[in-house]
Amino acid sequence: MSKVPVDKIRNIVVVGHAKSGKTTLVDAILHLTKVNDRLGLVDQGNSASDFNKDEIARQTTIWAKSFHCPFNDHMIFLTDTPGADDFVGDVYSTMRATDSALFAIDAIQGIGIGTRRSWKHAEEAGLTRFITISRLDKEHADFYECLEKIRNVWGQGVIPLSLPIGSQADIKGVYNLLDFDSAPPAEIADQVTEWREALMEAVAESDDAMMEKYFEEGTLTPEEIKTGLEASIKSGRCTPVFATAALQELGISEILNDLILLSPSPAARGGFELVKGGRIEPDPAAPFTGFVYKTVVDDFVGQLTMIRVLSGTIKGDSEFYNFTQGSKERVGALLSPQGKTPEKVESAGPGEIVAIAKLKSTKVNDTIGDAGQERIVAPIVFPNPNISFAVYSTRQGDEEKISTGLSRMADEDPTLRVARHDETRELLISGMGDVHIDVMVTRLKEKSGVEIELRTPLVPYKETITVSSEGHYRHKKQSGGHGQFGEVYCRLEPKPRGEGFEFADEIFGGSIPRNYVPAVEKGVMEALEKGAVAGYPVVDVKVVVYDGSYHAVDSSEMAFKIAGRGAFRDAMEKAKPGLLEPIMTVAVTVPDEFMGDITGDLNSKRGRIQGMEPQEGLQVIRAQVPMAEMFRYATELRSITGGRGSFEMTFSHYEEVPGNVVQKIAAEAKAREEAEA
Ligand SMILES: Nc1nc2c(ncn2[C@@H]2O[C@H](COP(=O)(O)OP(=O)(O)OP(=O)(O)O)[C@@H](O)[C@H]2O)c(=O)[nH]1
Ligand SMILES: [Mg+2]
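Model, not experiment: these values are computed from the prediction. (Residues numbered from 1 in each chain as written. Chains lettered and ligands numbered in written order. Predicted model: local features only at pLDDT ≥ 70, side-chain atom pairs only at ≥ 80, totals over all residues. Heavy atoms only, no water.)

A. Focus on the sheet that holds strand β27 (residues 469–478). The mixed open sheet is built from 4 strands, whose spatial order is β27-β28-β30-β29. The open sheet terminates on both sides in strands that have one partner only, identified here as β27 and β29 (501–505). In this sheet, neighbouring strand axes are inclined to one another by 25 degrees on average, regardless of whether the strands run parallel or antiparallel. Here 8 bridges tie strand β28 (residues 483–494) to strand β30 (residues 541–549), and the two strands are oriented antiparallel to one another. Pairing of Tyr-489 across the sheet is with Asp-547, part of β30. Across the sheet, helix α13 (residues 517–528) touches β28, β29 and β30, and the angle it forms with β29 is around 150 degrees. (Pairing = 2+ DSSP bridges. Helix = DSSP H or I, 4+ residues; strand = E, 2+ residues; numbered from the N terminus. Axes fitted to C-alpha atoms, helices over the stretch in contact; angles between N-to-C directions. Contact = heavy atoms within 4.5 Å.)

Quick look at the structure:
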């Protein structure tokens with residue numbers, strides 16, 4: 001690959017809702033640009049992008065793949081991303097490595113919730129946005145109907161640059177509205193006139209002088225349109241729409257020509273902000289700086305670290321500093337991404353994506369570069385996982401392998417979290433959906449031959465008291481020589497929610513000598529670990545030790561610890577103890593028609609609806625719902641909405657469990673304890 005100057009590079013990510021035709025579009029581009037000598041087909045399992053075993057089996061993209069495609073003396077870095085919510089992590093990471101986002105919107109399905117999420121994220125990531133209305137050769141596909149829907153959501157700045165010639169099964173090609181040299185086919189002459197006018201109006205809005213000229217003369221020159229369009233796109237006022245039927249390879253060269261014309265090169269996109277202030281500019285002659293946005297572990301290339309070059313030039317067989325980790329690493333071969341067959345290159349400059357094999361300490365979100373001043377750009381903030389399972393090994397001896405295997409996977413996939421829960425002691429795996437978890441766990445099973453069972457996690461309930469009470473315990477034992485003696489009186493007082501535990505010493509007149517008080521506290525702390533209702537930790541309680549007695553010879557720390565524990569237990573039983581459960585704050589985003597189903601379902605989950613608000617044509621329902629009811633929500637929401645809803649969830653607070661539910665939880669806890677004994 002000969003070196004392409006930075007102004008001739010385009011770095012584009014293809015995104016959009018599940019099944020909107022992204023991979024087929026990428027396959028068509030790879031064929032047109034001769035990266036692939038034939039058209040890869042998702043449905044036949046020979047797509048150049050969906051090449052991993054799991055992807056072929058599920059006919060869907062699971063991991064982002066990047067390619068470099070030469071086109072008209074330019075180099076287009078093109079990345080295909082997964083559409084399923086379960087794998088949205090790769091959309092977040094790739095958006096950090098690219099300059100423009102091409103949104104595939106299925107002509108029949110319309111925008112889709114996955115597209116809306118990525119749309120917002122692309123804006124935040126500073127990407128220039130383009131749209132293609134895809135799968136136009138399908139029955140019922142209507143370019144203009146879909147265009148109208150999109151304009152209703154994102155406004156009149158959404159403007160077509162290519163129009164289909166014919167429709168559905170009879171689609172013959174597309175006409176590029178920026179191609180002023182060739183006359184449009186007669187059958188779409190009216191639409192061409194109408195949309196060229198809309199285009200001129202939209203472009204004129206970008207500039208006062210242009211607006212004046214357009215009003216006076218009623219037209220703009222092709223050059224004016226192109227320049228004005230570039231400015232309006234860059235500012236986000238205009239978003240171009242292309243017509244494609246990628247499976248028929250129609251509309252592909254038109255997209256590429258216009259993208260080269262209108263999408264920013266890394267130079268035009270400009271620099272990246274540094275955390276400590278200042279910017280880093282895409283200058284090939286500056287010291288090398290790169291950002292690690294992803295690690296790849298796939299069936300073909302093994303482990304690769306993916307880097308976007310921010311400035312300067314990285315060379316193969318060299319060394320770099322990891323500014324984030326404060327370490328130094330060696331680069332062996334430098335690879336330019338090309339699906340399952342990355343190509344060795346000598347160097348890579350600003351705006352390029354490059355891959356390095358077998359790095360030791362460098363991880364996602366690290367900034368790396370030539371020695372010298374430390375340069376760090378902000379890390380990518382990944383979405384929080386929304387589904388968790390408890391991982392159990394079904395074969396003795398697998399535990400260690402499972403937890404290290406999963407932890408390694410979590411290092412590579414920032415949307416996968418693996419941790420042992422402090423209280424329930426379960427190993428929890430959390431991810432973006434049940435398919436995400438299933439894919440990762442299946443991989444581990446195949447790789448390490450372990451046996452794994454996934455269960456619904458235990459809820460980390462807690463216990464507390466509801467009224468003040470008093471308790472007493474006298475520990476006395478006379479066994480052979482030395483006896484044991486300690487006596488403790490204590491009072492419990494409820495504390496406000498979230499304030500935890502407090503210990504107070506109100507002992508008068510030395511009824512318990514000072515040096516035994518820490519032992520009493522220790523005993524109380526032990527008792528706190530297992531409450532009276534169902535054996536969960538006790539919180540939000542003040543324990544006041546106010547009296548007791550001791551024996552000059554038989555008292556000991558051990559005796560007072562036992563007495564402290566006993567006095568607390570005695571008091572707790574009298575303090576009307578109750579169970580607390582974690583409550584989650586939930587925001588569910590769905591189209592209007594699902595509002596009733598969603599609120600009904602949340603009510604049946606003991607949820608409290610807190611409000612609803614429209615947001616870009618969708619409804620956001622906010623609620624507080626017990627964690628115990630939310631473990632399967634990602635899956636349930638998908639089945640209620642047919643994949644048209646999304647949700648976010650964060651822990652809010654602990655709250656008392658209603659009486660009827662307490663019985664059930666206590667019985668379950670008891671059954672579990674008996675089973676383990
Ligand atoms: N008729 C027709 N079918 C298409 C076209 N593009 C894609 N498809 C089909 O639509 C389905 C989904 O296409 P993909 O390219 O896998 O869509 P995707 O957006 O990559 O899907 P995910 O990776 O699962 O999000 C496949 O069955 C494709 O064959 C098209 O232009 N015409
Ligand atoms: Mg795909």
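B. The arrangement of the pairing of strand β9 (residues 239–243) in detail. Counted residue by residue, β9 has 5 buried out of 5 residues, so it is predominantly covered. On β9, burial covers both faces: Thr-239, Val-241 and Ala-243 on one face and Pro-240 and Phe-242 on the other are all buried. As paired strands, strand β5 (residues 128–134) and β9 are joined by 3 bridges and run parallel to one another. Residue pairing in the sheet places Ile-133 in a bridge with Ala-243 of β9. Sheet topology places strand β6 (residues 158–160) next to β9; 3 bridges connect them, and they run parallel. Among the inter-strand pairings, Ile-159 is bridged to a residue of β9, identified as Pro-240. (Buried < 20%, exposed > 50% of the residue type's maximum accessible area, 1.4 Å probe, protein only.)

C. Inspection of the coordination of the magnesium ion (ligand 2) at higher detail. On the protein side, the magnesium ion (ligand 2) has Thr-23 (OG1) and Thr-61 (OG1) as donor atoms, found 2.0 Å from it. Remark: Thr-61 occurs in the loop between α2 (53–58) and β2 (65–71) and Thr-23 occurs in helix α1 (residues 22–32); sequence separation between them is 38 residues. Judged by its relative accessible area of 7%, Thr-23 is buried. (Donors = N, O, S within 2.8 Å, 3.2 Å for Na, K, Ca; no water.)

D. How the structure looks around the site of ligand 1. With respect to spatial proximity, 18 residues lie near ligand 1, and among them Lys-22, Thr-24, Thr-60, Arg-135 and Asp-137 are the closest. Between Asp-43 and ligand 1, the recorded distance is 2.8 Å, taken from a side-chain N or O atom to an oxygen atom. Out of a free accessible area of 640 Å², ligand 1 has 91% covered by protein chains. Across the shell around ligand 1, the residue classes break down as 5 nonpolar, 7 polar and 6 charged. (Near = heavy atom within 4 Å. Polar contact = N/O pair within 3.5 Å; in protein donor to acceptor, adjacent residues only side chain to side chain. Areas by Shrake-Rupley, 256 points an atom, 1.4 Å probe, with all protein chains shown as cover. Nonpolar A, V, L, I, M, F, W, Y, C, P; charged D, E, K, R; others polar.)

E. Seen up close, the pattern of salt bridges. Applying the stated rule across the entire model yields 44 salt bridges. Two residues, Glu-673 and Lys-530, come together in a salt bridge whose shortest N-O distance is 3.4 Å. Placement of the pair is Glu-673 in helix α17 (residues 659–676) and Lys-530 in the loop between α13 and β30, with a sequence separation of 143 residues. The exposure class assigned to Glu-673 is partly exposed, which follows from its relative accessible area of 47%. The class for Lys-530 is partly exposed, based on a relative accessible area of 47%. Counted as one network, the salt bridges with shared partners bring together Lys-495, Glu-499, Glu-502 and Lys-542. (Salt bridge = Lys/Arg side-chain N within 4 Å of Asp/Glu carboxyl O.)

F. Fine view of the nonpolar core. Membership of the largest hydrophobic core comes to 99 residues, with the highest contact counts inside it found for Leu-102, Ile-131, Ile-133, Ile-150 and Leu-229. Of all the elements, helix α6 (residues 189–204) adds the most residues to this core, at 8 residues. Residue-level mapping places this core at the junction of two domains, with at least three residues from each of domain 1 (6–269) and domain 2 (272–369). The residues contacting Ile-133, other than those within four sequence positions of it, are Ile-105, Ala-107, Phe-143, Cys-146, Leu-147, Ile-150, Val-241, Phe-242, Ala-243 and Thr-244. Membership of the second largest hydrophobic core comes to 49 residues, among which are Val-450, Ile-621, Leu-637 and Ile-665. (Core = buried A, V, L, I, M, F, W, Y, C linked by side-chain atoms within 4.5 Å. Domains from an automatic or database assignment.)

G. Fine view of unusual backbone geometry. The phi angle at His-140 is positive, at roughly 75 degrees, despite the residue not being glycine. With respect to the helices and strands, His-140 occurs in the loop between β5 and α5 (143–154). Its identity as a non-glycine residue notwithstanding, Lys-358 has a phi of 55 degrees, on the positive side. On the secondary structure map, Lys-358 appears in the loop between β20 (353–357) and β21 (367–369). Here Lys-358 falls in the exposed class, since its relative accessible area comes to 70%.

H. Here's a closer look at the packing of aromatic side chains. Going through the model one piece at a time under the given rule, you end up with 9 aromatic pairs. Following the ring pairs from residue to residue traces out a cluster consisting of Phe-103, Trp-119 and Trp-154. In this structure, Arg-455 is placed above the aromatic ring of Tyr-392, and the distance from its NZ or CZ to the ring centre is 3.6 Å. (Phe/Tyr/Trp six-rings, centres within 6.5 Å; stacked < 30°, edge-to-face > 60°. Lys NZ or Arg CZ within 6 Å of the ring centre and 35° of its normal.)

I. Spatial organisation of helix α16 (residues 633–641). Listing the buried residues of α16 in full gives Tyr-633, Ala-634, Leu-637 and Thr-641. Relative to the axis of α16, the buried residues are bounded by an arc of 100 degrees and lie together on one face. Lining the buried residues of α16 we find β22 (387–393), β31 (578–590), α15 (595–604) and β34 (646–656). Phi turns positive one or two residues past the end of α16, at Gly-642, with a value near 60 degrees. (Arc of directions from axis to C-beta.)

J. Just the environment of Met-584, in detail. Within the secondary structure, Met-584 sits in strand β31. Here Met-584 falls in the buried class, since its relative accessible area comes to 8%. Distance in space between the C-alpha atoms of Met-584 and His-653 is 7.2 Å, their sequence separation being 69 residues. Beyond its immediate stretch of four places on either side in the chain, Met-584 contacts Ala-623, Gln-624, Val-625, Met-627, Met-649, Thr-650, Phe-651 and Ser-652.

K. Geometry of the packing of helix α11 (residues 399–412) against helix α12 (residues 434–448). Relative to each other, α11 and α12 sit at 125 degrees, their axes nearing to 10 Å. Between α11 and α12, the angle falls in the class oblique. Once α11 is placed against α12, the crossing between them reads as right-handed. Every residue of α12 that contacts α11 at Lys-401, Ile-402, Gly-405, Leu-406 and Met-409 is listed here: Met-440, Arg-443, Leu-444 and Ser-448. Looking at side-chain class alone, the contact of α11 with α12 contains 5 nonpolar, 2 polar and 2 charged residues. (Parallel < 35°, antiparallel > 145°, perpendicular 65-115°, else oblique. Left-handed = near helix turned anticlockwise from the far one by under 90°.)

L. Spatial organisation of the domain arrangement of the protein chain. As assigned here, the protein chain comprises domain 1 (6–269), domain 2 (272–369), domain 3 (387–455), domain 4 (463–576) and domain 5 (580–661). Averaged C-alpha coordinates put domain 2 and domain 3 at centres separated by 29 Å. Contact residues are listed per partner, giving 7 residues for domain 2 and 4 residues for domain 3. Of all residues in domain 2, Thr-295, Val-297 and Val-364 give up the largest surface area on contact with domain 3, accounting jointly for 66% of the area buried on that side. Taken together, the connections running from domain 2 to domain 3 amount to 0 salt bridges. Among the elements that line the side of domain 2 that touches domain 3, the one with the most residues is strand β12 (residues 289–298), at 3 residues. Of the residues assigned to the side of domain 2 that touches domain 3, the class counts are 2 nonpolar, 2 polar and 3 charged. (Buried area = accessible area lost by both parts, 1.4 Å probe.)

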